[in-house]
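Geometric and topological summary
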Amino acid sequence: ALELAIKVHGENSIQHMNALYAVGVHCKTRGALEEAIQAHEAVLNIMDSTISVYEPDLLQNRIAILRDTAILYDQQGHPEIAIDYAEGACVNAQTLSKIFAQSGVGAAQRANMMEQFWLLLSELKNKVGDTEGAAAARREALKGKLNLGMAARGGRAGGASAGRATHKRTGASTRAGGR
């Protein structure tokens, strides 16, 4: 399939990348993690060398491959390498979320999309002992849902009965460290 994709559509074509990705998925299913990683990284290298502006569909594919590669490295016992790929998935997913926001995709759907990538990054950072980085990634994962909850209550965390004292003149929070 890989040779046919290259012969018919050319090297580094979308079809070539799709065939490489399919090889990676097949290798993962067989338990051949190193070969799966090589196939995924080959797709990412082709993307990096041939695509200057990502359409949403290609960006979604890139995010999925970054996530899958992070998971594969983690399964191989290399969470420190997996973190680089998980961070790449988060950054690319943030870009996609902004594109979706401009095209009218709802905040809830965007928050749900982002959560999985931040939670993966948090898990990986915990594995390497980066508890601060893991906590920051968890906060990012929860940020979207918190923002949705605040919007549903008219922009106030906890609604009108949250019990937070505010300065009478400025409306600023008087809680230490609060906003």
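Everything below is about the structure shown above.
What this report covers is the structure whose coordinates are included nearby. Just so you know, these numbers come straight off a predicted model, no measurement behind them.

Calculation rules
- Residues numbered from 1 in each chain as written.
- Predicted model: local features only at pLDDT ≥ 70, side-chain atom pairs only at ≥ 80, totals over all residues.
- Heavy atoms only, no water.
- Helix = DSSP H or I, 4+ residues; strand = E, 2+ residues; numbered from the N terminus.
- Buried < 20%, exposed > 50% of the residue type's maximum accessible area, 1.4 Å probe, protein only.
- Phe/Tyr/Trp six-rings, centres within 6.5 Å; stacked < 30°, edge-to-face > 60°.
- Expected span 1.5 Å × (residues − 1).

Our focus in this paragraph is the environment of E80. Secondary-structure assignment places E80 in helix α5 (residues 79–102). On the basis of relative accessibility, which here comes to 44%, the residue E80 falls in the partly exposed class. Through-space distance from the C-alpha of E80 to that of K125 is 7.9 Å; in sequence the pair is 45 residues apart.

What follows is about the packing of aromatic side chains. All told, the structure shown has 1 aromatic pair when counted by the stated rule. Ring centres of Y73 and Y85 lie 5.4 Å apart, and the angle between their planes is 25 degrees; on these two criteria the pair is classed as stacked. Note that Y73 is positioned in helix α4 (residues 56–75) and Y85 in helix α5, a separation of 12 residues in sequence. Assessed through its relative accessible area of 11%, Y73 is described here as buried.

On to α4, then. Because each turn of an α-helix spans 3.6 residues, side chains separated by three or four positions end up pointing in the same direction. Counted at 1.5 Å a residue, the expected span for α4 with its 20 residues is 28 Å, and the 28 Å between its end C-alpha atoms agrees. Buried within α4 we find L58, L59, R62, I63, I65, L66, D68, T69, A70, L72, Y73 and D74. The first or second residue beyond α4 is G77, which carries a positive phi of 90 degrees.

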